[in-house]
Amino acid sequence: MSATLRQTVDDNLGNNQRIETRQIRPTTAVGTSNGSVRFKLPQTGILHHGAYITMKLKSGAAENFQCLSAGILGCVRRAVLYNGNKAVMSVDNANHLMTLKRHFQTVEERANKDGVRHGCVDAFMVSNEDAEAQKGRYKLDMAQPQIEYNAGRTECNVDNPYRVKTDTTSPEFIIKLSQLFPSFLAGLQLPLSLCRDPWSLELQWSEDVAGSRCCYKQGATFAPGNLIEPDSLKLVVDLLYYATPEGEVGVMEALTDKMNSEGGISFEYTDVVSIVSDIPAVADPGAGNITTQSVNRLVGMVGENLRNLLISTPRRATGNAASTDGLNSGNGLLGRYFSSAPQGEQTIQVKINNRPLYPMPIGTHGDAQHHDQIGQVYGLPLNVGVHQYSSETSLQANALAGTQQPSISDHTCETYPQNKLIAEYNYLGVPTQLTRANVAGSGVAVGTAPVELQIERVRSHEQFGAIDLYVFGEVERSFTLKNGIVFLSGL
Amino acid sequence: MSLRTERFVIASINRTNDGNFSYSKGNPVIRFDFAATNKLLDTSSLRLCCKVRMYKGDGNAPNNNQNATGNPAFQSQLSANNGTASLLNTVSLTTGSGASIETIRNYPRLVASVLQQTNSWGDYSTNLMYLQGSTANDKCEGRMCNLASGNKGKEYSFSVAMPLLCGFLMRGDNINLSNRGGIGGMSVSLTLSPDVFSVFGADAAGLGGSYIEMIDPVLTGQFIIPNDDRDLPDTGTIVYNSWTALYNVNQASDNTYGYNLGLGAVVSQFNNNIPVPNINNYLQNCSLTTQLLRNDNTVPPNQIWKAPITTTSTEKGGVFYPLDFVVDEDKNAPTSAAASSTDAYQDPVFDALRFRYSLDSIKPYRRTSHLLAGAVSENVMTDSAWTGKYNYNNPQVYDYGVLPTGRDYVINGTVFSVGTRYDGLGTGTGSVDFKNSQFSERLTSKLDGNSPNGLYSYFLHRAAVNFSPQGVSVSV
C-alpha cells in the first residue's frame, strides 16, 4: 500500500479538501489460475466513488483477443464488498451484468471511452461505402481505434495497443467500483475512517475457458493460460479529508456527529440477486419449420422489494477444445457475454405475488416491446439497433425469413463474419418500480410466492440448442452507520 | 399517499377485422379511449406499439437490398428521417367530454425536425430504430422495409414502440384520468398519412402504388393507482405544452408571412421546408428537411438547386421580436450575376447564426447534447470526394431522386429549419402572448419566384385544462 498523490483544494466555503490517492495491492496471493483476490481498504478519510481497479490480462496465445462487448469486464465473475466479515453487497455473474448495463451508454461512449477503459469493441456504423451491396448494412465502426480494417475495408482485427497480448506489454484496463456496486456507491461518499470494521473488496475471476476471459480467432483453437498479470492488479482509491475551520464544525466532525445521532448515517441502495437457469434444448424442428417452447422459471426474490429484473439469454457454448469455429466460446466474437434473440416471436410474462404483471405478455407486438420495457427500467433507452437486438429485418434463410438479407455486413472481424453479431444483444428488462427515485418502498413488495418468469420462444432449425438464462433482480436495502457499526436491512 | 402500478394494453375502439390499419385500405383513423377511472396515466411509459409492414401495390413485399449495381430489385420504403412517425398525419387528444387538448397536424414533419435536433447519429443507429422506426440512412431504412414475400412475409414484420411527441404527453408526469379533479378520460385519435406521403422510392408508384400497414396497433403503458381514491390529486388546473401546426408556401426571394395565432403563451416556433413538388410524391422523400431549393435549368425543371436564406427576422405586432435585429447571412451566399440560370450557390458558407436560433427553438441551446447535424450534412465540408465514402458520423444520406452527381447528400441530408425561442432563458416558464397581436416572419433568400417551397410552421405554446363542477374546459 502506498500513498502516491496528495492534493489540496479550497472549496470556497472555508473548508480545505485534501485528496489522497492510494494504490492498493491485493492482500491475497494471485496464483497462476488466479481464483480470487481481496483488497483491504484503508480506515481513513472518505472514499470517493470514483475508485477503480486496474489490471492487465495476459493472453494464452496471440490468436486470443478480449470478448468484444465485455472486454476486461469478462474476467470478474463475482464481486463482494465487505465490512468486517459482513457482505454489504455482492454481485454474482458480474461480467454478464456489467456487459448488459454497458448498452445503456451511448454508442459514442461505448466506442471511445469503453475502448480505453475496458478494451471493448462494439460500436456499429451504417455502411455507405463504394460496394453497393454493403450499403445500408451495419458493420463494426472503423473509427474505433480498437480495430483496424484492411485497405478494402472487408476484414478487421482487434488492434494494438488495445488487444490483449501474451506478455507484460498487454494493455492495462480498469473497472470502476461504481460499475460493480453502482447503487451503493452513488448513495454517499463512504466515511471509511468512521467505521469500526475495515472495508474490503473481493473479486472472483471467471474461469479460463473459451469465451470467458478471451475469445480466439476463427481457424485457430482456444489457448488457455489467459491470466491476470499480478503486478498490474491495483485498487486505486481517492480518499477525501476536510480541514476544520477554526470555530466551526467541519465536514468530518459533522459526519461524526450525524453517525453518533439517533438515526446515524443512513441511505437506501439496491443489491443484486442473480439467478441462473436455462431454457433447455428442443428437438430440431427441421429446416423451414418452427416450434414454440414454453418455459416457466421461479426466480426467487421472496420477501424483497423488487425494483426491476434484467435478463440475458446467451446461447450455451458447445463444441470442444478442438473447435476452431467459436462454438465453444458461445459466440466467436462476443464470448459468453451476449443475449441471443429467437428467429421469431418471444413473449415474456412475469408473475409477482401470483398475479401477472402484464395484461398481455410482452412481445406479442414485436421485439420493440422488449426494447421498450428494458428502456423503462432506468428511463434510459437500450442503445442497440434492430440489427443487434432482434431477428426482425435480419433473418437469413430460416423458417420465417424467406429472402431477407442480414442487416449486419458479412465482412469479417478476427476472420468471423460480422453477421454472427446479428440479434445477439437481445437483453430483456422488466421494470417493477413505482418511481425511479431511490426511496424505500419504490419497488414492488414480493410476498411469500417467488417471482415467476414465463417465456414463450420460437425455436427454429438454426436455434434449437440450450440457452442459459441469467436473471438479475435489483432489490432494496437500507444502510445505516451508527456508532461506527454498519447495519443493513433486507439481507 | 400509498400507490401501486398497473400495466395496460389498450386496443383501438375502431379495430378492423384483422386488426390492421392502412390509408389505402380505407382505415385511416385509429382511435383509443381511456375511460374516466380513478387512475393516473404515467405519460413517460405511454407507447404506441405495433408491427409495420410495407407492401408493393400487388400485395407482396418490396426488396430494397442493394445489388451489385446499386439498384434495388424494387425500391419502396419509409423515410429514415422520421420512420413510422410519417404514418401519422394528425395526432389529436381530447378529454373524455370531448374538449380538445391538443391537435398536431403535419405530425411527421414535426417529428422529423424534433428528432434531428435532439438525437445524434448514434441514436439513429440504435434506439430510434425501435422508438420511431427511424434509421441512420435511407439504405438502412430500405432494408428495414424488406420483408419476405408471400405467407412468410405476412408472419413477420418490423415493430416499433413509439412515444407520441405531443406536448401534453411529453410532460413526463402523471395525468389524473378520473372525474375527481381529473380530465375525465382521454381519447387519442390518430389519422394516417396518405401512403403517397409516407412511402417513397423509384418503384413505389408502380403496380398501383405501394402501401403500408400498421398491424394491430395498441397503446401500452402503466397507470399509477392510489390505494385510496381520496388521494387523487385535485389539481384544478393542469398547465401543459402543446404544438400548433400551420402551413404556407414560400417562393419569393423576399417573403413575409403572418399568422393570427390566438395563442396566449407561445414558447417557441420553427419552420422547416421541402419543395412543393416533393410533397405527396411517390418518387420523393416527403419528410426531408431541405434548405430552400429552386428549379434547375432543365426542361422540365427539377427543384434541386440551393437558394440560400440571406436574412430572417420575426416580428410581434409589426415589431422585431424576440430578436431586435435581423439574422443576416447575406455574406454567406455570394451573389453571381448569372445566378438565376446557374447553380450559383452550390457551396454557400454555413449560416451558423440561423442554425443557432433554430436549434434553440426546439430545445434550449445550452441543453442541446445530442444533434444529428454535422459538418458534412450542413455543407461545411464542400469536398464532394466525401460522397459515397465510409459514412462515419455523416448524418443520414439520401441519394434517391434526380440529383447532381456527387452532391446528393449535401442537399438532402440537411438538418434545416428556421426558428426562434421566446422563452429565451430556457427556463420553461417564459412565453409570449399572441392573442392580440400578429406573428410574422420575413425570409429573404435566393429563391427565384418560380420554385414553391412548402413551409411547415410549428408553434410550441402553453395551454391549460381547467376543472370545475361544470366540467372540463381547455384554454390556450
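Residues numbered from 1 in each chain as written. Chains lettered and ligands numbered in written order. Predicted model: local features only at pLDDT ≥ 70, side-chain atom pairs only at ≥ 80, totals over all residues.

A. Examining the overall build of chain A more closely. Secondary structure assignment for chain A yields seven helices and 30 strands. Computed over C-alpha atoms, the radius of gyration of chain A comes to 24 Å, within 12% of the 23 Å expected from 2.2 N^0.38 for 491 residues, which places it in the range of a compact globule. By its C-alpha atoms, chain A is 80 × 55 × 40 Å across when sized along the principal axes. For chain A, with 491 residues in total, the buried portion stands at 51%. (Helix = DSSP H or I, 4+ residues; strand = E, 2+ residues; numbered from the N terminus. Rg over C-alpha atoms; globule rule 2.2 N^0.38 Å. Buried ≥ 20, exposed ≤ 12 C-beta atoms within 10 Å, placed from the backbone.)

B. Focus on the overall build of chain B. A count of helical and extended segments in chain B gives eight helices and 23 strands. Within chain B, the proportion of its 476 residues that are buried is 52%.

C. Spotlight on the sheet that holds strand E28 (residues 452-460) of chain A. Residue and element names in this part refer to chain A. Spatially, four strands are ordered E20-E28-E22-E23 in an open sheet, and the strand pairing comes out antiparallel. Each edge of the open sheet is held by one strand with a lone partner, namely strand E20 (290-298) and strand E23 (355-356). Relative to E23, strand E22 (residues 346-352) is paired through two bridges, and the arrangement is antiparallel. Looking at the pairing, Ile 352 lines up with Arg 355 of E23. (Pairing = 2+ DSSP bridges.)

D. Examining the domain arrangement of chain B more closely. All names here are of chain B. If you check the domain split of chain B, you get domain 1 (3-233) and domain 2 (238-464). Taken together, the contacts link 40 residues of domain 1 with 37 residues of domain 2. At the level of secondary structure, the elements contributing two or more residues to the side of domain 1 that touches domain 2 comprise strand E7 (100-104), helix H1 (107-118), helix H2 (121-124) and helix H6 (195-198). If you tally residues by element for the side of domain 1 that touches domain 2, the top one is H1, at nine residues. Taken together, the residues of the side of domain 1 that touches domain 2 break down into 19 nonpolar, 15 polar and six charged. (Domains from an automatic or database assignment. Contact = placed C-beta atoms within 7 Å. Nonpolar A, V, L, I, M, F, W, Y, C, P; charged D, E, K, R; others polar.)

E. Local environment of the nonpolar core. Within the largest apolar cluster, 230 residues are counted, with the highest numbers of intra-cluster contacts made by Val 471 of chain A together with Cys 166 of chain B. Taken domain by domain, this core gets at least three of its residues from each of domain 1 (3-233) and domain 2 (238-464) of chain B. Ignoring sequence-local partners within four residues, the contact set of Val 471 of chain A consists of Ile 275, Val 299, Leu 309, Ile 311 and Leu 453 of chain A. (Core = buried A, V, L, I, M, F, W, Y, C linked by C-beta atoms within 7 Å.)

F. Focus on the confidence of the model for chain A. With 91% of its residues at a pLDDT of 70 or more, chain A shows a mean pLDDT of 89. In the predicted structure, residues 399-403 of chain A sits below a pLDDT of 50 and forms 24 contacts with residues beyond four places in sequence or in another chain. (pLDDT = per-residue confidence, 0-100.)

G. Summary view of unusual backbone geometry. Going from Val 299 of chain B to Pro 300 of chain B, the amide bond is cis rather than trans, its omega being -10°. Each neighbour pair has its own omega, and for Tyr 321 of chain B with Pro 322 of chain B the value is 0°, a cis peptide bond. Mapped onto the elements of the fold, Pro 322 of chain B is located in the loop between strand E18 (319-320) and strand E19 (327-328). Phi angles above zero are rare outside glycine, and Asn 483 of chain A is one such case at about 50°. Under the C-beta neighbour-count criterion, Asn 483 of chain A is labelled exposed, with 11 such atoms within 10 Å.

H. Region of the structure containing helix H7 (residues 352-362) of chain B. All names here are of chain B. The buried count for H7 comes to eight of eleven residues, which makes it a mostly enclosed element. Taken residue by residue, H7 has Arg 354, Phe 355, Tyr 357, Ser 358, Leu 359, Asp 360, Ser 361 and Ile 362 as its buried positions. For H7, the secondary structure elements touched by its buried residues are H1, strand E14 (266-275), strand E17 (309-316), E19 and strand E20 (418-421).

I. How the structure looks around the environment of Leu 460 of chain B. All names here are of chain B. You can see Leu 460 is positioned in strand E22 (residues 453-468). Measuring from C-alpha to C-alpha, the distance between Leu 460 and Trp 243 comes to 4.6 Å, with 217 residues separating the pair along the chain. Among all residues touching Leu 460, those that are not within four sequence positions of it are Gly 167, Asn 241, Trp 243, Val 267 and Ser 268.

J. Focus on the confidence of the model for chain B. Residue and element names in this part refer to chain B. When pLDDT is averaged along chain B, the result is 85, and 86% of the positions lie at 70 or above. This model gives residues 382-411 a pLDDT under 50, and the stretch forms 72 contacts once residues within four places in sequence are excluded. Across the predicted assembly, pTM comes out at 0.93 and ipTM at 0.92.

K. A look at the sheet that holds strand E15 (residues 199-205) of chain A. All names here are of chain A. Read across the open sheet, the four strands follow the order E3-E15-E7-E8; overall the sheet is antiparallel. Strands at the two margins of the open sheet, each flanked by one partner only, are strand E3 (36-40) and strand E8 (86-92). Mean inter-strand twist for the sheet, computed between neighbouring axes without regard to direction, equals 15°. Where E3 meets E15, five bridges bridge the pair, whose relative direction is antiparallel. Following the sheet pairing, Arg 38 is matched in E15 by Glu 202. Here helix H1 (residues 94-102) sits on the sheet in contact with strand E7 (76-83) and E8, set at roughly 100° to E7. (Axes fitted to C-alpha atoms, helices over the stretch in contact; angles between N-to-C directions.)

L. Focus on helix H6 (residues 367-378) of chain A. Counting buried positions along H6 of chain A yields eleven of twelve residues, so the element is predominantly enclosed. Turning to H6 of chain A, its buried residues number three or more, namely Asp 367, Ala 368, Gln 369, His 370, His 371, Asp 372, Gln 373, Ile 374, Gly 375, Gln 376 and Val 377 of chain A. Looking at the packing, one finds that the buried side of H6 of chain A touches strand E21 (305-312), helix H7 (386-389) and strand E26 (428-431) of chain A together with strand E5 (47-55), helix H3 (128-131) and strand E8 (158-162) of chain B. Positive phi shows up at Gly 379 of chain A, right after H6 of chain A, with a value of about 70°.

M. Examining the environment of Tyr 282 of chain B more closely. Residue and element names in this part refer to chain B. Tracing the backbone through its elements, the reader meets Tyr 282 in the loop between E14 and strand E15 (293-295). Among the residues examined, Tyr 282 registers 19 C-beta atoms within 10 Å and is labelled partly exposed. Measuring from C-alpha to C-alpha, the distance between Tyr 282 and Gln 77 comes to 9.8 Å, with 205 residues separating the pair along the chain. Excluding its chain neighbours within four sequence positions, the residues that come into contact with Tyr 282 are Val 196, Val 199, Phe 200, Ala 204, Ala 205 and Gly 209.

N. Highlighting the environment of Asp 203 of chain B. When you line up the elements, Asp 203 of chain B lands in the loop between H6 and strand E11 (211-226). Setting aside anything within four residues of it in sequence, one finds Asp 203 of chain B in contact with Phe 74, Gln 75 and Ser 76 of chain B.

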